[in-house]
Amino acid sequence: MAYDRQDALMGESSPAAADGGGPAAAEGQPTIALVVDDETTTRILARSVLENMGYQVFEAEDGEQALACFQRTQPQLVVMDVLMPRMDGFACCTALRALPAGADVPVVLITGIDDSNSIEQAYRAGATDFVHKPINWILFRHRINFVARASQAFLDLKRSQARLLQAQKLAKLGYWEWNLRRNTVEMSYDLTALLGLPPQPGTLSETQLWDCVPEPVRERLARELREAIREQRSYSLDFRVPALGGERIVHAEGEIIANAEGLAVLMRGIMQDVTEQVRAQEEINRLAHYDPLTGLPNRTLFIEQLRLALSRAKRQRSAIGVLSVGLRRIEQMREAMGTVFADLAIHELAQRLQDSLPNPDQTDHSHIEVARFGTHEFVLFADHPDSSIGELPRLAQRIIDRLAAPFHIGTQPVQVGCSIGIACAPDDGKDPETLLKHAHAAMNVARRKGELVYEYHTREIQRSVMERFQLEGQLLVALRERQLEVHFQPQMALANRAIVGFEALARWRHPVLGMIPPDRFIPIAEDSGAIGQLGEHVLRNALEQHRQWPVTKLGQPALLSVNLSARQLWGKDFMTVIHRVLDQTGFDPATLVLELTESVLMKDSDDMIRILKRLKDMGIKLSIDDFGTGFSSMSYFKHLPIDELKIDRGFIRDLPRRGQDLAIVRSVIALAHNLGLKIVAEGVETAEQLRILEQEGCDWVQGFLIGRPADSPAAIRFLGQAIPSAPTP
Ligand code: C2E
Ligand code: CA
Ligand code: CA
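For clarity, every value in this text was computed on a predicted model and none was experimentally measured.

Student: How do you make sense of the overall build of the protein chain when you look at a structure like this?
Tutor: Looking only at helices and strands, the protein chain has 27 helices and 27 strands in total. Computed over its C-alpha atoms, the radius of gyration of the protein chain comes to 48 Å, more than 25% above the 27 Å expected for a compact globule of 729 residues. Projected onto its principal axes, the C-alpha coordinates of the protein chain cover approximately 155 × 65 × 55 Å. For the protein chain, with 729 residues in total, the buried portion stands at 47%. Contacts in the protein chain between residues far apart in sequence, at least 24 positions, make up 62% of those at least 6 positions apart. Looking at the protein chain as shown, the accessible area adds up to about 37200 Å², and 53% of this sits on carbon and sulfur atoms. A distance of 7 Å separates the average location of the 80 positive side-chain charges in the protein chain from that of its 95 negative side-chain charges.

Student: What is the right way to look at the sheet that holds strand E9 (residues 235-241) in this model?
Tutor: The strands making up a sheet are joined through hydrogen bonds of the backbone, oriented either antiparallel or parallel. Pairing within the open sheet is antiparallel, and its 6 strands lie in the order E8-E7-E6-E11-E10-E9. Strands at the two margins of the open sheet, each flanked by one partner only, are strand E8 (203-205) and E9. In this sheet, neighbouring strand axes are inclined to one another by 25 degrees on average, regardless of whether the strands run parallel or antiparallel. In the packing of helix H10 (residues 215-231) onto the sheet, contacts are made with strand E6 (173-179), E9, strand E10 (248-258) and strand E11 (264-273), and the angle to E9 comes to roughly 175 degrees.

Student: What is the right way to look at the coordination of the calcium ion (ligand 3) in this model?
Tutor: Around a metal, the ideal angle is 109.5 degrees if four donors adopt a tetrahedral arrangement and 90 or 180 degrees if six donors adopt an octahedral arrangement. Taken together, Asp 625 (OD), Asp 626 (OD), Glu 682 (OE) and Glu 682 (OE) make up the protein donors of the calcium ion (ligand 3), found 2.2 to 2.3 Å from the metal. Within one chain, the residues donating to the calcium ion (ligand 3) are spaced in sequence as D-D-x55-E. Taken as an interatomic distance, the gap from the calcium ion (ligand 3) to the calcium ion (ligand 2) is 3.9 Å; Asp 625 donates to each of them. Taken together, the residues Asp 626 in strand E24 (residues 621-627) and Glu 682 in the loop between strand E26 (678-681) and helix H26 (687-696) connect sequence positions 56 residues apart. What makes Asp 626 partly exposed here is its relative accessible area of 25%.

Student: Mind showing me how you'd approach the pattern of salt bridges here?
Tutor: Oppositely charged side chains can pair when the atoms bearing their charge come close. By the definition in use, this model includes 44 salt bridges. Between Lys 646 and Glu 503 there is a salt bridge, with its nearest N and O atoms 2.8 Å apart. Pair noted here: Lys 646 is in strand E25 (residues 644-647) and Glu 503 is in strand E20 (residues 498-510), with a separation of 143 residues, a long-range link. Lys 646 gets classed as buried once you look at its relative accessible area, which sits at 0%. With its nearest N and O atoms 3.4 Å apart, the salt bridge here joins Arg 658 to Asp 661. Where salt bridges share partners, they join Arg 43, Arg 47, Glu 51, Glu 59 and Glu 61 into one cluster.

Student: Please explain the pairing of E6 as it appears in this structure.
Tutor: In summary, the side chains of a regular strand alternate between the two faces of the sheet. Where E6 lies against E11, 7 bridges are found, and the strand directions are antiparallel. By the bridge assignment for E11, Gly 174 is matched with Met 271. Where E6 meets strand E7 (residues 184-187), 4 bridges bridge the pair, whose relative direction is antiparallel. The residue of E7 that forms the bridge with Glu 177 is Glu 186. Where E6 folds back on E7, the antiparallel hairpin that results is connected by 4 residues, among which Asn 183 adopts a positive phi of roughly 55 degrees.

Student: When you look at the sheet that holds strand E5 (residues 129-133) in this model, what are you seeing that I'm missing?
Tutor: Judged by pairing direction, the sheet is parallel, and its 5 strands sit side by side in the order E2-E1-E3-E4-E5 without closing on themselves. Across the chains shown, the open sheet's two edge strands, defined by having one partner strand only, are strand E2 (55-60) and E5. With direction set aside, neighbouring strand axes in the sheet form an average angle of 20 degrees. In terms of strand pairing, strand E4 (residues 107-112) meets E5 through 5 bridges, oriented parallel. Within E5, the residue paired with Leu 109 across the bridge is Phe 130.

Student: Is there a simple way to think about the site of ligand 1 in this case?
Tutor: Around ligand 1, the structure places 23 residues, and the nearest of them are Gln 489, Asp 625, Arg 649, Glu 685 and Phe 704. Between ligand 1 and Ala 506, the relevant distance is 3.1 Å, taken from a nitrogen atom to a main-chain nitrogen or oxygen of the residue. Relative to its unbound accessible surface of 800 Å², ligand 1 loses 84% to contact with the protein. Elements with a minimum of two residues in the shell around ligand 1: E20, helix H18 (518-528) and E24. Among the residues forming the shell around ligand 1, the class breakdown is 9 nonpolar, 6 polar and 8 charged.

Student: Please clarify how the nonpolar core should be interpreted in this entry.
Tutor: When a protein is soluble and globular, its nonpolar side chains tend to lie buried together. With 78 residues, the main nonpolar core has Phe 502, Leu 560, Leu 601, Leu 615, Leu 693 and Val 701 as its most contacted residues. Each residue touching Leu 615, except ones within four places of it in the same chain, is listed here: Phe 574, Met 575, Ile 578, Leu 594, Ile 620 and Leu 622. Membership of the second largest hydrophobic core comes to 32 residues, among which are Val 325, Leu 380, Leu 392 and Val 414.

Student: I tried to follow the environment of Ile 409 on my own but got confused; where do I start?
Tutor: For Ile 409, the position within the fold is in strand E15 (residues 407-409). Aside from chain neighbours lying at most four places away, what touches Ile 409 is Phe 341, Leu 344, Ala 345 and Val 414.

Student: For this particular structure, what's the right way to read the side chain of Ser 324?
Tutor: Its location among the elements puts Ser 324 in strand E12 (residues 319-327). What makes Ser 324 buried here is its relative accessible area of 1%. Looking at Ser 324, its side chain comes within polar contact range of the side chain of Glu 377, at 2.7 Å. Excluding residues that lie within four positions of it along the chain, Ser 324 makes contacts with Glu 377, Phe 378, Val 379, Ser 419, Ile 420, Gly 421, Ala 439, His 440 and Met 443.

Student: I tried to follow the confidence of the model for the protein chain on my own but got confused; where do I start?
Tutor: Predicted coordinates in regions of low pLDDT should not be interpreted in detail. Across the protein chain, the average pLDDT comes to 86, with 91% of residues at 70 or higher. Model confidence for the protein chain, summarised as mean pLDDT per element, is weakest for helix H1 (residues 2-10) at 34 and strongest for strand E27 (residues 700-702) at 98. A low-confidence stretch, residues 1-21 stays under pLDDT 50, and its non-local contacts, those more than four residues away or across chains, total 26 contacts.

Student: Is there a simple way to explain H10 in this structure?
Tutor: An α-helix turns once per 3.6 residues; consequently, residues spaced three or four apart project the same way. Taking 1.5 Å per residue, 17 residues should reach 24 Å; H10 reaches 25 Å between its end C-alpha atoms and fits that length. Turning to H10, its buried residues number three or more, namely Val 217, Leu 221, Ala 222, Leu 225 and Ala 228. Buried residues of H10 fall within an arc of 135 degrees about the axis and therefore sit on the same side. What points out from H10, more than 90 degrees from its buried face, is the exposed set Glu 219, Arg 226 and Arg 230. Those residues of H10 that are buried lie in contact with E6, helix H9 (206-211), E9, E10 and E11. Once H10 ends, the next one or two residues include Gln 232, with phi positive near 50 degrees.

Student: Explain helix H6 (residues 116-124) to me, please; I cannot follow it from the model alone.
Tutor: Residues of H6 that are buried: Ser 118, Ile 119 and Ala 122. Along the axis of H6, the buried positions cluster into a sector of 100 degrees, meaning they face one direction only. Projecting away from the buried face of H6 at angles above 90 degrees are the exposed residues Ser 116, Asn 117 and Arg 124. Check the buried side of H6 and you find it contacts helix H5 (89-98), E4 and E5. Once H6 ends, the next one or two residues include Gly 126, with phi positive near 100 degrees.

What counts and what doesn't
Numbering of residues starts from 1 in each chain and follows the order in which that chain's sequence is written. Whichever chain is written first is A, and whichever ligand is written first is 1; the rest continue in order. Given that the model is predicted, a residue must reach a pLDDT of at least 70 before its local features are reported, and side-chain atom pairs must reach 80 or more before they are shown or counted; all residues, however, enter totals for whole chains, interfaces and linings. Side-chain measures here rest on the full set of heavy atoms in the structure, leaving out hydrogens and waters. Secondary structure elements are defined from DSSP: runs of H or I of at least 4 residues count as helices, runs of E of at least 2 residues count as strands, and each element is numbered from the N terminus. The globule rule is 2.2 Å times the number of residues to the power 0.38, and the radius of gyration it is compared with is taken over C-alpha atoms. Exposure is judged per residue with a 1.4 Å probe applied to protein chains only, and the accessible area is read against the type maximum: over 50% gives exposed, under 20% gives buried, and values in between give partly exposed. In what follows, residue pairs with any heavy atoms lying within 4.5 Å of each other are defined as contacts. Only the protein chains shown count as cover for residues, and all accessible areas are computed by the Shrake-Rupley method using a 1.4 Å probe. Counting rule applied: Lys, Arg positive; Asp, Glu negative; His and chain ends not counted. Just so you know, the charge point we use is NZ for Lys, CZ for Arg, CG for Asp and CD for Glu. Here, strands pair whenever DSSP counts at least two bridges between them. Only the stretch in contact is used when fitting a helix axis, every axis being a line fitted to C-alpha atoms; angles between N-to-C directions are given from 0 to 180 degrees. Donor atoms: N, O and S within 2.8 Å of the metal, or within 3.2 Å for Na, K and Ca. Because water is excluded, sites can look incomplete. Between Lys or Arg on one side and Asp or Glu on the other, a salt bridge is scored when a side-chain nitrogen of the former is within 4 Å of a carboxyl oxygen of the latter. Proximity criterion: a residue is near a molecule or strand once any of its heavy atoms comes within 4 Å of it. Counted as a polar contact is a pair of N or O atoms within 3.5 Å, where, for protein atoms, one must be capable of donating a hydrogen and the other of accepting one, and residues adjacent in sequence contribute only when both atoms are in side chains. Only Asp, Glu, Lys and Arg are considered charged, only Ala, Val, Leu, Ile, Met, Phe, Trp, Tyr, Cys and Pro nonpolar, and every remaining residue, Gly among them, polar. Working definition of a nonpolar core: buried Ala, Val, Leu, Ile, Met, Phe, Trp, Tyr and Cys residues. They are joined through side-chain atoms within 4.5 Å. What pLDDT conveys is the predictor's confidence in a given residue, as a value from 0 to 100. The length a helix should cover is 1.5 Å for every residue beyond the first. The arc in question is formed by the directions pointing from the helix axis toward the C-beta atoms.

Below, the structure written as structure tokens:
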């Protein structure tokens, strides 16, 4: 077919096309013909016919000249007389065939008529065809056309075979054909190499065929092929063959060809080395289902495993515990030590977690799967066929102990705590998503309680998680729509019973839920990052309202205490916010007290001390809130620019009854005074508490006894009240 296409490509302007046939050559390049004859007349006539057909013609007078000319011009056609001086046509043809470019070129020899001997000799010498002398020039044209087309077709076939071979080699593909009648097998050269065996000759007997198949797969393949023949169907199978560089995976498929009577006569098939494809598929599978860092299953795989375990548990009426293990301090570690270090730590922790699990062989057939979710969380489920989930707390404790044990990365000591949440099927959920959600929620509750705690999921947790979620979404709206208010709780100086200060406390007037206390929304604001905005709003609002207030009975402006959460203080633009609000409200910094919790101060960093000093330099007072609930020792505050301590409500509540609390209050007051700090007692509800505090030398008190938090007009009324006389002891 190729030559037809070539003809079409030549176009109408080509002399060959005009002549209705012609040489098949690459488009745009003339096809070269070499005419060899010692007779000038034949050469002239041949040239004229060939040129008329579109050839570019070169001439030679004898064999030797012809060889030289051939080398120089690389013709696509040679027309050559056999009878020539020096080197005749047979010798020249033989020599041409030995040349690399001469192997496939069509050579037409000109012989004497009916010289059967010459014809024989011409073919032996490698001639493609021959014409007789005297030459019939009309026939010659057709002869040449035919030879040229046949030669082109031959070249095309050769090229296409080479391409096919190359493609098969690239695809690691071999084919074979089994003639079932003659019981012979032909196979491509590479087929045996695929099977890890040396190459075999083209045609094989059936026995030889089976010798080509490696022993371990022979039986299986033979069975498959025999069945395919019997049932006259195609077959497809994969098998593994041992090979030098490790095992290879071979895919085989084929079909049966039947004759007109429906008898299987031929079976043909291919075999392909699909090792790379299979490995790539396995890798894709691994990446899709496993965490690359720890090699543990990921969320997708774990959920599938859990789903299966749940349906099994349902049949067996057994329980399943899902544990969410939240790692602590990973983010801080990543920030301080870098990603590589944190990854090494997580890798080690994953190992430790797995080590802490009971060996499945030793226990009651329980089954445990572990996975990694996100950066800070491992999850696992334990499936107990005997429905005893009483083991779960023990398991949780083992994990906590193992993960909390310190270890080293290089020379750097590492200690990472964890908190665990537990949810059990079927009580806490029947599907993986619900169970995971509940275990995670319980983990968050454990996390807020502190490290190294495990917590069971409860309805209470579920409710508060729902509420948190809803409030979080509404908090920003609340800020925008001014649902956040500030109330003020009075503080009284014991020395003269005057109201001398107020603590600003945030309130959320929710359009549906009514007044929401700060304990319920401040932690949400801290987690969601809205605390910066909220804090600035409360500060500005409090300072603005304070401007309407009269001075105290002692003639000075009342001090205004505002709570700061740790997240706010660590925010990048904290100082900017303070300056902005003070500027906008024109508030005197000396009247402002910022309340910080001990935990903020425990972050013993130079940055923190620098911020406190800057606040102090501006004239702002600093107070330690909820003192006694943290772990700080009093001596620690020596280094910090602190002005006051607020003793936590917890120590005041049982003051009259618990001697221990009295001892603490007494020593805190003494130590604080030693350091030159003012002492404020919180949560004073009874006259008895007030009396004791007065007796112990406490400076200020705050609590329901003096006044509940209330709006700004109430604060103004407090400031206007006359100083009461001292209560009777
Ligand atoms: P806190 O700083 O310890 O505030 C004192 C809390 O104790 C207030 O609760 C107050 O209403 C309550 N209280 C005062 N006197 C008594 C008493 O005699 N008995 C009892 N039982 N309670 C008393 P509130 O307003 O619910 O605030 C709770 C916490 O929310 C505050 O504890 C504070 O940590 C936080 N908070 C409040 N407003 C803000 C704010 O604007 N920003 C930040 N970051 N936190 C705030
Ligand atoms: Ca406070
Ligand atoms: Ca407090």
